[in-house]
Amino acid sequence: MGFESLPLEVVQELFQDKRFTIRKAVPWKGNPELLPDGTRKGLVKSIALSQTCRGIRGVVIDPATGQTQTRKALAQRKLSKSAGDNGS
């Protein structure tokens, strides 16, 4: 059952009990031209990295953490670091 089937007052009370707030959507939602400059630049970099690594499949053990990681995510992180980004 989703929140859309509940009355607004009930949903608001649920969110208040859990310390959530109900706010308006960000002004740039659905309109990328309104994105803040820093956000837009980061999004462009992320999309470019993702497209560069398109088609990489599988799971590997991350040598840095010992955790399982998708090969694509590991490749994106390596590309990001080699491009001079901080990898975050």
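Everything quoted here is computed from the prediction, not taken from an experiment. (Residues numbered from 1 in each chain as written. Predicted model: local features only at pLDDT ≥ 70, side-chain atom pairs only at ≥ 80, totals over all residues. Heavy atoms only, no water.)

Observations regarding the overall build of the chain
Then, number 1: Counting its regular elements, the chain contains three helices and two strands.
Then, number 2: Listing the helices and strands of the chain from first to last along the sequence gives α-α-β-β-α.
Then, number 3: Relative to its 88 residues, the chain shows a buried fraction of 8%.
Then, number 4: Residue pairs in contact within the chain that sit at least 24 positions apart in sequence constitute 14% of those at least 6 positions apart.
Then, number 5: With the model as given, the accessible surface of the chain reaches about 7500 Å², and the carbon-plus-sulfur share is 56%. (Helix = DSSP H or I, 4+ residues; strand = E, 2+ residues; numbered from the N terminus. Buried < 20%, exposed > 50% of the residue type's maximum accessible area, 1.4 Å probe, protein only. Contact = heavy atoms within 4.5 Å. Areas by Shrake-Rupley, 256 points an atom, 1.4 Å probe, with all protein chains shown as cover.)

Side note on the side chain of D62
Then, number 1: Positionally, D62 belongs in the loop between β1 (59-61) and β2 (68-70).
Then, number 2: Polar side-chain contacts of D62 include one of 2.6 Å to the side chain of R77.
Then, number 3: Excluding residues within four positions of it along the chain, D62 makes contact with Q67, Q69, L74 and R77. (Polar contact = N/O pair within 3.5 Å; in protein donor to acceptor, adjacent residues only side chain to side chain.)

A closer look at helix α3 (residues 71-82)
Then, number 1: When the terminal C-alpha atoms of α3 are compared, their 16 Å separation across twelve residues agrees well with the 16 Å that a helix rising 1.5 Å per residue should span.
Then, number 2: Along α3, the positions that sit buried rather than exposed are L74, A75 and S80.
Then, number 3: In this fold, the buried residues of α3 make contact with α2 (37-52), β1 and β2.
Then, number 4: Two residues or fewer past α3, G84 is found with a positive phi of approximately 95°. (Expected span 1.5 Å × (residues − 1).)

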